[in-house]
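Spelled out, the chains give:
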Amino acid sequence: MATLKLPSTIPSPSEDCEQLRKAFAGWGTNEDLIIQILAHRNGDQRKKIRETYHETHGEDLLKDLDSELSSDFQHAVLLWTLEPAERDAYLVNQATKKLTASNWVIMEVACTRSSHQLLSVRQAYHAKYKKSMEEDVAHHTSGDFRKLLVPLVSAFRYEGDEVNMTLAKTEAKTFHEKICDKAYSDDDLIRILTTRSKSQLNATFNHYNNQFGNAITKDLKADPENEYLKLLRSTIKCLTVPEKYYEKVLRLAINKLGTDEKALTRVVVTRAEVDLQRISEEYKRRNSVPLDRAIAGDTSGDYEKMLLALMGHGDAC
């Protein structure tokens, strides 16, 4: 993996801002300098850089980055520079738009963030778009998709490890009955998925496997072409084994005829400070190729450098 030479100590936000101004000055933008600074700062540091930039220069760093950069590199840098809740609010908003609609992105944000993070996303959404996230999701979805997605984005789950095993057994049986009846959008099924803690759901699905001899996701493959069932399976994966869900998103993004840069950027940027290491391990296990090598083979230029820098982000900060 290409590595950038970094100073042994992190410069102050003021120094970073001055370097960014230098990167924007003159005829050509210094993309390497932008990567060297922003890709190697953690969330708190990036927030401070944005604040300092505004205080010092009276301008919005995001707007300057937007005007200086282009294409997939621009998209990756802008997403990375946003605060996590702000970024997620933007991703969900884009996912409700006609041309960029994606039930998967809405579900992904709702299921892989903690309850407090998801609450922050709803607050950021409200502040930026002057309406509730639930309202937009409800307005731009319909049928079974709406029935599942609205309570998912509204969820505030218990985050602890405590599990009720009796309940897990009962609800595993409920899932099995509903699946046998093909009642995939049944109220009880959706209520369990959208209110139970992730630990409780893990216990329920383990019971399901033990009692009925199949993983629940396998039993939900009855109709492989059914888009709602695909979303339901992905919801269960996101809630219980997010690294497996993200590995598949990356595999499909990289192995497509023509890379899906939007999906690739979204996963690398949103998971770099969370669980990208685990996702990388899952990717290598599943594909026998290291994720950084797969990305390097499928991207180029500043975009490639930015993604690879983010892949090493945990080590670089």
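Residues numbered from 1 in each chain as written. Predicted model: local features only at pLDDT ≥ 70, side-chain atom pairs only at ≥ 80, totals over all residues. Heavy atoms only, no water.

**With respect to the overall build of the protein chain**
Scanning the protein chain from terminus to terminus reveals 21 helices and zero strands. Its C-alpha atoms give the protein chain a radius of gyration of 21 Å, near enough to 20 Å, the size a compact globule of 317 residues would have. On the principal axes, the C-alpha backbone points of the protein chain span a range of 65 × 45 × 40 Å. Counting across all 317 residues of the protein chain, residues that qualify as buried make up 47%. For the protein chain, the share of sequence-separated contacts (at least 6 apart) that also reach a separation of at least 24 residues comes to 70%. Here the protein chain displays about 15,600 Å² of accessible surface, and carbon together with sulfur accounts for 48% of that area. The centroid of the 45 positive side-chain charges in the protein chain is displaced by 4 Å from the centroid of its 48 negative side-chain charges. (Helix = DSSP H or I, 4+ residues; strand = E, 2+ residues; numbered from the N terminus. Rg over C-alpha atoms; globule rule 2.2 N^0.38 Å. Buried < 20%, exposed > 50% of the residue type's maximum accessible area, 1.4 Å probe, protein only. Contact = heavy atoms within 4.5 Å. Areas by Shrake-Rupley, 256 points an atom, 1.4 Å probe, with all protein chains shown as cover. Lys, Arg positive; Asp, Glu negative; His and termini not counted. Charge placed at Lys NZ, Arg CZ, Asp CG, Glu CD.)

**Considerations on the confidence of the model for the protein chain**
With 96% of its residues at a pLDDT of 70 or more, the protein chain shows a mean pLDDT of 94. Scored below 50 in pLDDT, residues 1–6 makes eleven contacts in the model with residues more than four places away or belonging to other chains. (pLDDT = per-residue confidence, 0-100.)

**Topic: the packing of aromatic side chains**
Inspection of the entire model under this criterion finds six aromatic pairs. With a centroid separation of 5.2 Å and an interplanar angle of 75 degrees, the aromatic rings of Tyr 245 and Tyr 246 are classed as edge-to-face. Taken individually, Tyr 245 and Tyr 246 each receive the classification buried, so the pair is uniform in this respect. Here the guanidinium or amino end of Arg 46 rests over the ring plane of Trp 80, the centre of that ring lying 3.6 Å away. (Phe/Tyr/Trp six-rings, centres within 6.5 Å; stacked < 30°, edge-to-face > 60°. Lys NZ or Arg CZ within 6 Å of the ring centre and 35° of its normal.)

**Quick look at the domain arrangement of the protein chain**
Domain annotation of the protein chain identifies domain 1 (13–81) and domain 2 (165–240). Here domain 1 and domain 2 have C-alpha centroids that lie 44 Å from each other. (Domains from an automatic or database assignment.)

**Some remarks on helix α12 (residues 187–195)**
Along α12, the positions that sit buried rather than exposed are Leu 189, Ile 190, Ile 192, Leu 193 and Thr 194. Elements that come into contact with the buried residues of α12 comprise α10 (143–154), α11 (165–180), α13 (198–212) and α15 (227–240). In this structure Asp 186 caps α12, since a side-chain oxygen of it lies 2.8 Å from the backbone nitrogen of Asp 188. (Polar contact = N/O pair within 3.5 Å; in protein donor to acceptor, adjacent residues only side chain to side chain.)

**So, the packing of α11 against α13**
The interhelical angle for the contact between α11 and α13, taken along N-to-C directions, is 60 degrees, at an axis separation of 8 Å. What the angle tells us is that α11 and α13 run oblique. Crossing of α11 over α13 shows right-handed handedness. On the side of α11, the interface is formed by Met 165, Leu 167, Ala 168, Lys 169, Glu 171, Ala 172, Lys 173, Phe 175, His 176 and Ile 179, while α13 contributes Gln 200, Ala 203, Thr 204, Phe 205, His 207, Tyr 208, Gln 211 and Phe 212. Of the residues in the contact of α11 with α13, the class split is ten nonpolar, five polar and three charged. (Axes fitted to C-alpha atoms, helices over the stretch in contact; angles between N-to-C directions. Parallel < 35°, antiparallel > 145°, perpendicular 65-115°, else oblique. Left-handed = near helix turned anticlockwise from the far one by under 90°. Nonpolar A, V, L, I, M, F, W, Y, C, P; charged D, E, K, R; others polar.)

**Section: unusual backbone geometry**
Despite not being glycine, Lys 130 has its phi angle at roughly 60 degrees, a positive value. Relative to the elements of secondary structure, Lys 130 occurs in the loop between α8 (115–129) and α9 (133–140). At Lys 182, a position not held by glycine, the phi torsion is positive, near 60 degrees. The residue Lys 182 is located in the loop between α11 and α12 in this model. A relative accessible area of 58% places Lys 182 in the exposed class.

**Regarding a positive patch on the surface**
Residues Lys 218, Lys 221, Lys 248 and Arg 286 make up a contiguous surface patch of positive charge. For Arg 286, the position within the fold is in helix α18 (residues 276–287). A relative accessible area of 44% places Arg 286 in the partly exposed class. (Patch = residues over 30% accessible without salt bridge, like charges linked within 9 Å, V, L, I, M, F, W, Y side chains within 5 Å. Salt bridge = Lys/Arg side-chain N within 4 Å of Asp/Glu carboxyl O.)

**Some points on the pattern of salt bridges**
Per the counting criterion, the structure on display carries 21 salt bridges. Salt-bridge contacts for Lys 147 lead to Asp 187; the nearest nitrogen and oxygen are separated by 2.9 Å. Here Lys 147, found in helix α10, pairs with Asp 187, found in helix α12; they are 40 residues apart in sequence, far enough to count as distant. Judged by its relative accessible area of 34%, Lys 147 is partly exposed.

**Description of helix α2 (residues 31–38)**
Given 3.6 residues per helical turn, the α-helix brings residues three or four places apart onto the same face. Buried within α2 are the following residues: Leu 33, Ile 34, Ile 35, Ile 37 and Leu 38. The residue sitting at the N-terminus of α2 and contributing the capping side-chain oxygen is Asn 30; that oxygen lies 3.4 Å from the backbone nitrogen of Asp 32.

**Some details on the environment of His 54**
Looking at the secondary structure, you find His 54 in helix α3 (residues 43–57). The exposure class assigned to His 54 is partly exposed, which follows from its relative accessible area of 47%. Residues His 54 and Cys 17, spaced 37 residues apart in sequence, show a C-alpha to C-alpha distance of 9.4 Å. Ignoring sequence-local partners within four residues, the contact set of His 54 consists of Glu 59 and Asp 60.

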